[in-house]
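Summary of structural features
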Amino acid sequence: MTIPKPGSILLGTTQPAVLRDWYRKALAPEHTGDGPIDLGGFLLVIDQRDDVGSKTNEPGRVILNFHVDNFDEVEEQLQAAGVEWIAPAEDRPSGRFATFADPDGNYLQIIQFKRNG
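Only a predicted model underlies this, so the values are computations on that prediction, with no experimental measurement involved.

1. Details of the sheet that holds strand E6 (residues 95–101)
Backbone hydrogen bonds are what pair the strands of a sheet, in a parallel or an antiparallel way. Across the sheet, which stays open at both edges, the 4 strands sit in the order E4-E7-E6-E5 with mixed pairing between neighbours. Pairing within the sheet leaves two strands with one partner each, and these edge strands are strand E4 (64–67) and strand E5 (84–92). For this sheet, the mean angle separating the axes of adjacent strands, direction not counted, is 15°. Sheet topology note: the E4/strand E7 (residues 107–113) ladder contains 4 bridges and is parallel. Residue pairing for E7: Asn-65 is matched across the bridge by Gln-109.

2. Some points on the layout of surface pockets
Space inside the largest pocket adds up to approximately 470 Å³. Lining the largest pocket are 22 residues, with Leu-10, Leu-11, Gly-12, Thr-56 and Asn-106 sitting closest to its centre. Elements that contribute at least two residues to the lining of the largest pocket include exactly strand E1 (8–13) and E7. Here the element with the most residues in the lining of the largest pocket is E1; it accounts for 4 residues. Of the residues in the lining of the largest pocket, the class split is 11 nonpolar, 5 polar and 6 charged.

3. Some points on the nonpolar core
With 23 residues, the main nonpolar core has Tyr-23, Leu-27, Leu-78, Leu-108 and Ile-110 as its most contacted residues. Elements represented by at least two residues in this core include exactly helix H1 (16–27), strand E3 (43–48), E4, helix H2 (71–80), E6 and E7. For this core, the element with the highest residue contribution is H1, accounting for 5 residues. If near-sequence neighbours (up to four positions away) are discounted, Leu-108 is found in contact with Trp-22, Tyr-23, Leu-27, Ile-63, Leu-64, Phe-66, Ala-98, Thr-99, Phe-100, Ala-101 and Asp-102.

4. Re the pattern of salt bridges
Pairing between side chains of opposite charge can happen when the charged atoms of each approach one another. Enumeration over the complete set of coordinates arrives at 8 salt bridges. In this structure, the salt-bridge partner of Asp-72 is Arg-96, at a minimum N-O distance of 2.9 Å. Of this pair, Asp-72 sits in helix H2 while Arg-96 sits in strand E6, and the two are 24 residues apart along the sequence. Judged by its relative accessible area of 47%, Asp-72 is partly exposed. Between Glu-90 and Arg-92 there is a salt bridge, with the nearest N and O atoms lying 3.3 Å from each other. Residue classification places Glu-90 among the partly exposed positions, given a relative accessible area of 38%.

Conventions used here
Residues numbered from 1 in each chain as written. Predicted model: local features only at pLDDT ≥ 70, side-chain atom pairs only at ≥ 80, totals over all residues. Heavy atoms only, no water. Pairing = 2+ DSSP bridges. Helix = DSSP H or I, 4+ residues; strand = E, 2+ residues; numbered from the N terminus. Axes fitted to C-alpha atoms, helices over the stretch in contact; angles between N-to-C directions. 1 Å grid on protein atoms, 1.4 Å probe; cavity = no way out; pocket = protein on both sides within 12 Å on 5 of 7 lines; lining within 4 Å. Points joined across faces, edges and corners; volume = space filled by probe spheres on them. Nonpolar A, V, L, I, M, F, W, Y, C, P; charged D, E, K, R; others polar. Core = buried A, V, L, I, M, F, W, Y, C linked by side-chain atoms within 4.5 Å. Buried < 20%, exposed > 50% of the residue type's maximum accessible area, 1.4 Å probe, protein only. Contact = heavy atoms within 4.5 Å. Salt bridge = Lys/Arg side-chain N within 4 Å of Asp/Glu carboxyl O.

This is the structure:
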């Protein structure tokens, strides 16, 4: 059986320029242009949609997770970008987590999993 590999996610929005600028500032400052934003080999496609509201109604339904090797460095980068923190950094049995939101209210997380061994 072939298992398809996720390659991109589409974020529908009423404000694509605002969302694109936010994602660039927070997560991909070297990205230019209006095409998909490369987030380490996973593409973020931001598109104008007329079938969505300006804010998500259930932000916890789908959360985009970013696995990081240096939690403090990424947290500092996001802090400098002025992200809205939903849940500050928290140590859990499996690692360190923090949740933040984009301008449309979608939740994202940074996670540094503990290494076994």
